[in-house]
Amino acid sequence: MNGKKKETKIVIFGAFDSGKTTTLDNLCEKKTKVEYNGTTVSMDYGNTFVDGEKIHLFATPGQERFHFMREILSNGLNGAIVVVDNTQGVTEIDSSIMSKLESKNIPYIIFANKQDLASHELEISTAAEIVPTIATEGDGLRQGLEILLNQI
């Protein structure tokens, strides 16, 4: 053992306007954003500590034209959070992200976000755990992160 504390990289994925940045904002003490007109254009970054372990969180842009950033940020990740807008349901982008994570055996969890705006059940064929969240209030976020960390 080299005495270094463990650090974990989590990437937050999801379609445009699903709540990725808000999720990161409410999970992290320190944050850095790269935005244009309020929209993430390359990534958002933040970190937090859970049980003394430093967790690095990266939120990807949701627009398809920034798909290359999802690929770049995926390098070296330990786990992922897929934020699904519960008012929209699972998008093609969400399905594609989940398929890639599953094909690479990367642990992930689904945040069924915007529970305050819609209360229907998401129809997702995956073994990943689904956590109801309200990112704007921070509801369910920490619980979901801890569930994911236990899977890693």
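Heads up: the structure comes first, above all this text.
Within any chain, residue numbers begin from 1 and follow the written order of that chain's sequence. Local features are withheld for residues below a pLDDT of 70 in this predicted model, meaning they are given only at 70 or higher, and side-chain atom pairs are given and counted only at 80 or more; totals for whole chains, interfaces and linings count all residues. Side-chain metrics rest on all non-hydrogen atoms present in the structure, leaving aside hydrogens and water.

1. Notes on the overall build of the protein
Step number 1: Numbered from the N terminus, helices here are DSSP runs of H or I no shorter than four residues, and strands are runs of E no shorter than two. Of regular secondary structure, the protein possesses 4 helices and 7 strands.
Step number 2: Secondary structure elements of the protein occur, N-terminal to C-terminal, as β-α-β-β-β-α-β-α-β-β-α.
Step number 3: Classification of the 152 residues of the protein by burial places 51% in the buried group.
Step number 4: Put simply, of all contacts in the protein between residues at least 6 apart along the chain, 59% involve residues at least 24 apart.
Step number 5: With residues, only the protein chains shown are counted as cover, and all accessible areas are computed by Shrake-Rupley using a 1.4 Å probe. When the accessible surface of the protein is summed, it comes to about 8000 Å², and 48% of that surface belongs to carbon and sulfur atoms. Using a 1.4 Å probe on the protein chains alone, a residue whose accessible area is under 20% of its type maximum counts as buried, one over 50% counts as exposed, and one in between counts as partly exposed. Here, two residues are considered to be in contact whenever any of their heavy atoms come within 4.5 Å of each other.

2. Re the pattern of salt bridges
Step number 1: In what follows, salt bridge is the name for a side-chain nitrogen of Lys or Arg lying within 4 Å of a carboxyl oxygen of Asp or Glu. All chains considered together, the criterion is met by 3 salt bridges.
Step number 2: One salt bridge connects lysine 114 with aspartate 17, and the closest N-O pair in it is separated by 3.9 Å. On the criterion of sequence distance, the pair formed by lysine 114 in the loop between strand S6 (108–113) and strand S7 (130–132) and aspartate 17 in the loop between strand S1 (7–14) and helix H1 (20–27) is long-range, its members being 97 residues apart.
Step number 3: Judged by relative accessible area, which is 52%, aspartate 17 ranks as exposed.
Step number 4: As a salt-bridge pair, lysine 114 and aspartate 85 come within 3.0 Å of each other at their nearest N and O atoms. Of the two residues, lysine 114 is situated in the loop between S6 and S7 and aspartate 85 in strand S5 (residues 79–85); the sequence distance between them amounts to 29 residues.
Step number 5: What makes aspartate 85 buried here is its relative accessible area of 8%.

3. What about the environment of glutamine 88?
Step number 1: Its location among the elements puts glutamine 88 in the loop between S5 and helix H3 (92–103).
Step number 2: Here the alpha-carbon distance between glutamine 88 and asparagine 113, two residues 25 residues apart in the chain, equals 10.0 Å.
Step number 3: Counting of polar contacts relies on pairs of N or O atoms within 3.5 Å, with two restrictions inside protein: one atom must be capable of donating a hydrogen and the other of accepting it, and residues adjacent in sequence are counted only when both atoms are side-chain atoms. A distance of 3.5 Å separates polar atoms of two side chains, one belonging to glutamine 88 and the other to threonine 87.

4. Considerations on the packing of H1 against helix H4 (residues 141–151)
Between two packed helices, what matters for the description is the angle formed by their axes and the separation of those axes.
Step number 1: The N-to-C vectors of H1 and H4 enclose an angle of 85 degrees; their axes lie 10 Å apart at closest approach. As the angle between them shows, H1 and H4 are arranged roughly perpendicular. Contacts between H1 and H4 pair Thr23, Asn26 and Leu27 from the former with Leu141, Arg142 and Leu145 from the latter.
Step number 2: Nonpolar residues are Ala, Val, Leu, Ile, Met, Phe, Trp, Tyr, Cys and Pro. Charged residues are Asp, Glu, Lys and Arg, and all others, Gly as well, are polar. Across the contact of H1 with H4, the residue classes tally to 3 nonpolar, 2 polar and 1 charged. Where helices are involved, their axes are fitted lines through C-alpha atoms of the stretch in contact, as for all axes, and angles between N-to-C directions lie from 0 to 180°. Each angle is binned into one of four classes, with values under 35 degrees roughly parallel, values over 145 roughly antiparallel, values of 65 to 115 roughly perpendicular, and all other values oblique.

5. A closer look at the pairing of strand S4 (residues 53–59)
Along a regular strand, successive side chains alternate from one face of the sheet to the other.
Step number 1: The element S4 is extensively covered by neighbouring structure, given that 6 of its 7 residues are classed as buried.
Step number 2: For two strands to be treated as a pair, DSSP must find at least two bridges joining them. In this structure, S1 lies alongside S4, joined through 6 bridges in parallel fashion. Looking at the pairing, threonine 8 lines up with isoleucine 55 of S4.

6. Some thoughts on the packing of aromatic side chains
Step number 1: Any two rings among Phe, Tyr and Trp, with Trp reduced to its six-membered ring, count as a pair given centres within 6.5 Å; such a pair is stacked if its planes are under 30 degrees apart, edge-to-face if over 60, and tilted if neither. This structure, assessed with the given rule, holds 1 aromatic pair.
Step number 2: Judged by centre distance (5.0 Å) and plane angle (50 degrees), the rings of tyrosine 45 and phenylalanine 58 are tilted. Here tyrosine 45 is found in strand S3 (residues 39–50), whereas its partner phenylalanine 58 is found in strand S4, with 13 residues between them in sequence.

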